[in-house]
Structure formats: structure tokens, C-alpha cells
Amino acid sequence: MSTAYVIKGARILGGDPADIVVRDGVIAEIGANVNTEGAEVVEAEGLIALPGLVDLHTHLREPGREDAETVESGTRAAAMGGYTAVHAMANTDPVADSAGVVEQVWRLGREAGYCDVQPVGAVTAGLKGERLAELGAMADSAAGVRVFSDDGHCVSDAVIMRRALEYVKAFDGVVAQHAQEPRLTEGAQMNEGEMSAALGMRGWPAVAEEAIIARDVLLAQHVGSRLHVCHVSTAGSVEIIRWAKSKGCRVTAEVTPHHLLLNDGLAASYDPIYKVNPPLRTADDVTALRHALADGTIDVVATDHAPHPVEAKETEWAVAAMGMIGLETALSVVHEAMVETGLLDWAGVAERMSLAPARIGRLSGQGRPLEAGSPANITLYDPSPRRAVDPAAMASKSRNTPYAGLELPGRVVATFLRGRATVLEGKLQ
Amino acid sequence: MKRHLISAADLTRDDALLVLDTAEELARATEGSMKKLPTLRGRTVVNLFFEDSTRTRISFEAAAKRLSADVINFSAKGSSVSKGESLKDTALTLEAMGADGVVIRHGASGAPHRLANWVKGSVVNAGDGTHEHPTQALLDAFTMRRRLGDLEGRKVTIVGDILHSRVARSNVLLLNTLGAEVTVVAPPTLLPVAIDTWPAEVSYDLDAVLPKSDVVMMLRVQHERMNASYFPTVREYSRRYGLDAERMARMADHAIVMHPGPMNRGVEIAAEVADSVRSTIVEQVANGVSARMAVLYLLLGGSEPAIGKEVSQS
Ligand SMILES: [Zn+2]
């Protein structure tokens, strides 16, 4: 039998203290001064209880780049960050474009056991953008894929994108687009603007993202399909998505923690720890993204956790790999950027980091409200301490965090996956 | 002065004037001969060239040798670098060799910034990607001063591929520091989108700017820009933005023509302009050695005064 827990005095979604009884993988009861007999007590006074976090955008790198991350190490990092489910992106080697590969990743997740691993299927074979991958086979596989993405590459061909949007309707799928017009971003290194002009780096114009989003919301509207926009990074993208939603388009969108906190001024160091796709944008973009997340134009926070080995970042900017790890800092960054600023309360955080991503990914057992009968996926978060981020202390196999040394609020104290503690007292179990 | 010279923005007005004054002294001390000064005896300067640029390398090498420094030329071609050794490993090798100064030329913008994190010696940027080339700006300012005197209020026009030009970036910054008024002239495709944030006027019309310029600096335009549709044809570029004798005739009598080299004669500059009395192109080469001597002397802090006892020619 699994251990029963009584989580004492936790503030559910930041509300009044309550006790949460966890038994047989579900939340058995929520109340005051509940009976603790036969249960392990978790003292949670002052801690905020959130539904287990769900990431729509994680690169676990397995199979193919196990030197950067494995399903095991990545899901350990996820648990440490308060996540109970992650969507594993398809740009592995081999690409997750067949039932065989998505089932392999899904099984590795089950074996590791730190959080649910929901594979994302590639939209096109080999991420080449030329012909559709076997989307139906991946949907019907044991992995039950519902989110399809060529992430890392844009599905730039309008006909392929249209067909993908239409085709996945048959199994209630969604296409998650990495919006990047390829010709406008050839050799691009950083946001195109004042900083790229001064630093002499090839610019990555906002319009390269916005033009694809504009096209895709029109396509999705035309064929009546669901579209999800990965890592929205510009104020202009926000305006287009806001307009599309006002017209009834079934579009959802995500923003990464780093785009909520960091801006392109950091590139002045030429330290490629800040090199990421899409690039860090201006401070005005950061402000627009925060407000869009607050008002619901952007639905979710997704990490785009992108591990890279040290040697891929200890180089000149131009040759460095793009991407940052983010699972273990996401909640603290959202706390800093959204809660400390008064833009979101903890219920709003739960909606954007757990409920909405689970809905978009069609994960039935995740992102449920904390109430009796729900699966016991719970994150306990201590909002009070401020700590300097220490890359060496991370569970991820990679160290490419842009927050090293930066002081951020809060700490994940415990994570429960269907009633089993994956993290307790801030330590992996 | 800062320990490194990576950007022209690293130099305050006082720093820049000190470099120019020092360059003037050094030029006079060594003029007309291959005299060497003992200033940097015992110091090691490494020329780390990841890009072929014989003229810049030779200029730095001559500057270091005239100050009696030991010079090690480390070229990426045929070395471990071409076999995939990282910039960091190369930097650690230089550390082990005890380099007091590293002169780096690299195809990637920001490579000197990265190098400066990994070596203890002074880093001198000899051109990084499409970012900066601060010693070129110093030698250009030195050349202007020799021809025109104080640069305060002087009107300098830079013409050509501003977007990709490290020479333009460093010149705009340094000339602004020195009080000159800079105008950049280019087709709009070859200007950064945020050019309005630069301390420079912008024009698309060379003819309108020429008569009021004290200095016209022509930049090399590369043929591959045409293939990427930055302009339709070399002929059209040359007609609209090239400096020929007819255009040169509209310049003020005292105005000079500069070019950082290597030139595309007949494209951005006509042969009769390059070879005219207004042209400073040959002086720029000689002045490059003096400016680089001044930079190396000031950064590597020779134990002896810059102008000391002369040693015999080697
Ligand atoms: Zn992406």
C-alpha cells in the first residue's frame, strides 16, 4: 500500500490554511484538524498548495542526446520544480515522428516515475517540413499523443500547416507551432533592434514570429482547428493572438519564464547562456507578455526547458547552442514576474501552470483542482525565502540556466504524483 | 584606461586623446626608419587570427616589434583550431604561454569579449565579425587629426555597408566621443533597423551630403551582399553610392577621402579618387602601426616610458 499523507495547514491556492488528506493516489479529504492516524504528516504551515504543475514544452533530449539530459534526469528536474507532468518535445534523435519512438519515450517516463511524460509527436516526418508524420498512429499508440509539434523548426509551408491542422481534428489533437519564418531568420542571432545594431549580430526580427502567427490563426479559423502557439515572445504576437481570440479562433498560446523576466540587453555580455530561440526581446515586449499572461491572452507558462552540455555554451555566441534549462526555476520566476508584481494571484498561477496546460494537452489525470476525489498531484511551495540560483545544485544533467547567481523568491518543498511524494523537504525521494 | 580594448566605447574622451597623442609621439620617434623602442621588452604579444587578414596582422606585428615585444603569431589555419579546438581551449593555451597581450581577429561578433573572460592578459580586438574594429577607428581618427587638426565639430561621412561593417561601428562611437559629427550614408537595406538610436545622422543620398563633409570614408562593399538582395547590381550600387571623380569634385577643397581597405576599385571608389591627393589610403596603413603601438604601449604598461632609449635596428 502506498503511504497516506496528511498535509497540515497548507494554503490551497494561497487561501486559508487547510489539511489535505492523501490516500490511494487521490485527495481523500480537505478540511480542518483532520484525523492523522495511520498517515505521515507533512507540516505545511505557510506553504502554498498548487495542483501539480504541467509543462507543455520540455526537451528531455532522450533518445539521442543523453549527454545533455535523459528522461530520468529531466523528470527529476521536473519534480524538483513542482511538475507532475511534462510534454516531451519531438526533436530527439531519432525524431519522435512514429508510434515506436513516442511509445519508447512514454515508457521511459513511466519507468523513471518522477512525473508523467507525455510525448509530443512531430508534425512532419523527420521535422523536415515536407510531409506529415504518422499523426494518427502516434495518437492511437500507448502514448496517446494529442500535441504535435516540429518545435525547433517552424512548419513554414502553408499547405502542410493547413493539412496538419485539419488532420488532427480526427483525434482532438492540437498543432503547437514554433513560429519562425525561416527566410527572415537565416543566421539570426538575437532580437533585431537597438541591441543587435550595437552588438553587430544578425537580427531576428519580431515580424518573423508575428507573420507566422498571423497566418496560422487565419488558417486555424478557416479550417476550424485548434492551434497552439509555442513560446510567444513579442508584443506584436500578443496583439495578433488577442485579435484572433476576439474573432473566436481556437488558439491558445504559451510564454516561457525567461521571456517574462529577461530582455535582450543581456546579450551585451556576448555570453551565450542568454542565447535562446525565440530570442530574448526588449523590456517593452516583456511587459506586454506579462500583461497578456495576466489577462488570459496567453494561456499558459511553458518552460521550453532546453538542456545543453557545457561545451555547447562555452563558445563564441554565433556557434553556441540555443536554449536554457527552466524546469527547476519556472515557479520562482513566475512568482517574481507575475505574483510579486500583483499581476496574478496563486489561483491564476495554478490555472496557467497546471489546469490550462493539462486541458490543452488533453491530460485527463493532470491539472485537476485541489478537491476531494481529484488525483493527488500536488505541489507545495514556500513563497518566503529568497535564494540565489545555484546551477550546481540542480537535478538536470545540464547547467545552462540564465539565472545563475540571481536571487529569486520561493522554493518547491514537496511534489506529490498521484499520492506518492517525488519531492519532500526540498529533496528528491 | 580599461585593461582591454574591445569596443571603441571602452575609451573615454581622455583615453582616446591619450592614445592619439601617444601615437603621434611614437610616430615621430620612429619616423622614417625602422627604429625600435625598448618599451615592451620582455612582454609577449600573441596575434590570434581566426580570419585571414594579412594587412591587420602585419600592422599589429610591426607595432609590437617596434616596441621590442616578443610576438607569437597564432593563425587558425592549419592549427588545432581548424580541427575543432574551442576558443576556450585556445585561450587556456595562451594563458599557459604567459601572453601579456592577445590581439584577436575573429569572424564571430563578441569573440574578444568571450576571450577576455578566459585570459589574464589584455585583449585587443582586431576586428570581430560585424561588430567592431576599434584600432581601425583610432588610426582613422589619427589620420584625420594629422590632416585636419582637432576633430571637434568636424563632419565625417561614412558611406557603404553600415549594417555589416565593424569599421563603421567603431568609427561612429569613437568620432562621437571625439566631438565629430557623423553622417552614415547607405541604401536603407544596408543600415541596421535601429540606426536612429546611433549618435549619427542618416542619409540615403550621397550627393546631398558630400559638399558639407570634411571627411568622406568609403567602406568596402562585398559582392555577396548583392546575391542576398541588399542591392540589385554592383553597377547600380556604384552609381548611387560610389565615389568617382565627378562626385569628388563637389567636395570642399580641404576635404579628404578615406578607405579602410582593401578597396574594390571601380565599385565603391574610382581609381582616380583612390590615387588623388585627397586620398589618405596609403597614410592610413602607416598610421595603423603608430596607433597600434600606442594601444599596445598603454595597455601593456611598459616598464619604461614610451619614448626611451632607442635600440638598434634588428
Ligand atoms: Zn521552439
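Residues numbered from 1 in each chain as written. Chains lettered and ligands numbered in written order. Predicted model: local features only at pLDDT ≥ 70, side-chain atom pairs only at ≥ 80, totals over all residues. Heavy atoms only, no water.

Per an unreviewed UniProt entry, chain B is named Aspartate carbamoyltransferase, and its organism is Actinomadura harenae. Recorded under Subunit (unreviewed entry), the UniProt text for chain B is reproduced unchanged: "Heterododecamer (2C3:3R2) of six catalytic PyrB chains organized as two trimers (C3), and six regulatory PyrI chains organized as three dimers (R2)." According to its UniProt record, chain B has this under Sequence similarities (unreviewed entry): "Belongs to the aspartate/ornithine carbamoyltransferase superfamily. ATCase family." (UniProt positions renumbered as here; feature names shortened; annotations may be inferred.)

Chain A has the name Dihydroorotase in an unreviewed UniProt entry, where Actinomadura harenae is given as its organism. The UniProt entry for chain A carries the following text under Catalytic activity (unreviewed entry): "(S)-dihydroorotate + H2O = N-carbamoyl-L-aspartate + H(+)". Per UniProt, chain A carries the Sequence similarities (unreviewed entry) text "Belongs to the metallo-dependent hydrolases superfamily. DHOase family. Class I DHOase subfamily."

**Digging into the UniProt feature "binding site: carbamoyl phosphate" (unreviewed entry) in chain B**
Residue and element names in this part refer to chain B. UniProt's entry tags Arg55, Thr56, Arg105, His133, Gln136, Gly261 and Pro262 with the feature "binding site: carbamoyl phosphate" (unreviewed entry), counted in the numbering of this structure. Here arginine 55 lies in helix H2 (residues 54-66). Assessed through its relative accessible area of 44%, arginine 55 is described here as partly exposed. Discounting chain neighbours no more than four positions away, the residues touching arginine 55 are Pro260, Gly261, Pro262 and Val285. Position of glutamine 136 among the secondary structure elements: in helix H5 (residues 134-148). (Helix = DSSP H or I, 4+ residues; strand = E, 2+ residues; numbered from the N terminus. Buried < 20%, exposed > 50% of the residue type's maximum accessible area, 1.4 Å probe, protein only. Contact = heavy atoms within 4.5 Å.)

**Here we look at the coordination of the zinc ion**
All names here are of chain A. Every protein donor of the zinc ion is listed here as Asp151 (OD), His178 (ND1) and His231 (NE2), and their distances to the metal cover 1.8 to 2.2 Å. Read N to C, the donor residues that coordinate the zinc ion are spaced as D-x26-H-x52-H. With aspartate 151 in the loop between strand S9 (147-148) and helix H4 (158-167) and histidine 178 in the loop between strand S10 (174-177) and strand S11 (190-191), this pair connects stretches of sequence that are 27 residues apart. The residues aspartate 151 and histidine 178 share a single accessibility class, namely buried. (Donors = N, O, S within 2.8 Å, 3.2 Å for Na, K, Ca; no water.)

**So, helix H7 (residues 235-246) of chain A**
Residues and elements named next belong to chain A. Helix length check: H7 (12 residues) gives 17 Å between terminal C-alpha atoms against 16 Å at 1.5 Å per residue, within 8%. Along H7, the residues that are buried comprise Ser237, Val238, Ile240, Ile241 and Ala244. Viewed end-on, H7 has its buried residues packed into an arc of 165 degrees, placing them on one side of the element. Packed against the buried residues of H7 are helix H6 (206-223), strand S13 (227-229), strand S14 (251-255) and helix H9 (283-295). (Expected span 1.5 Å × (residues − 1). Arc of directions from axis to C-beta.)

**Things to note about the environment of aspartate 140 of chain A**
Residues and elements named next belong to chain A. Structurally, aspartate 140 can be placed in helix H3 (residues 135-140). Looking at aspartate 140, the relative accessible area reads 66%, which means it is exposed. On a C-alpha basis, the gap between aspartate 140 and glycine 410 in space is 40 Å, while along the polypeptide they are 270 residues apart.

**Structural notes on the UniProt feature "binding site: substrate" (unreviewed entry) in chain A**
Residues and elements named next belong to chain A. UniProt's feature table lists "binding site: substrate" (unreviewed entry) at His59, Leu60, Arg61, Asn91, Asn277 and His308, given in the numbering used throughout. Residues from the named set that contribute to the lining of the second largest cavity are Leu60 and Arg61. Secondary-structure assignment places leucine 60 in the loop between strand S6 (53-58) and helix H1 (71-80). Other than its neighbours up to four places away in sequence, leucine 60 contacts Glu69, Thr70, Val71, Gly74, Thr75, Val86, Ala88 and Val117. Positionally, asparagine 277 belongs in the loop between helix H8 (257-261) and H9. Leave out the neighbours within four places in its chain, and asparagine 277 touches Gly152, His178, Gln180, Trp204, His231, Asp304 and Met322. Among the polar contacts made by the side chain of asparagine 277, one reaches the side chain of histidine 178 at a distance of 3.3 Å. (1 Å grid on protein atoms, 1.4 Å probe; cavity = no way out; pocket = protein on both sides within 12 Å on 5 of 7 lines; lining within 4 Å. Polar contact = N/O pair within 3.5 Å; in protein donor to acceptor, adjacent residues only side chain to side chain.)

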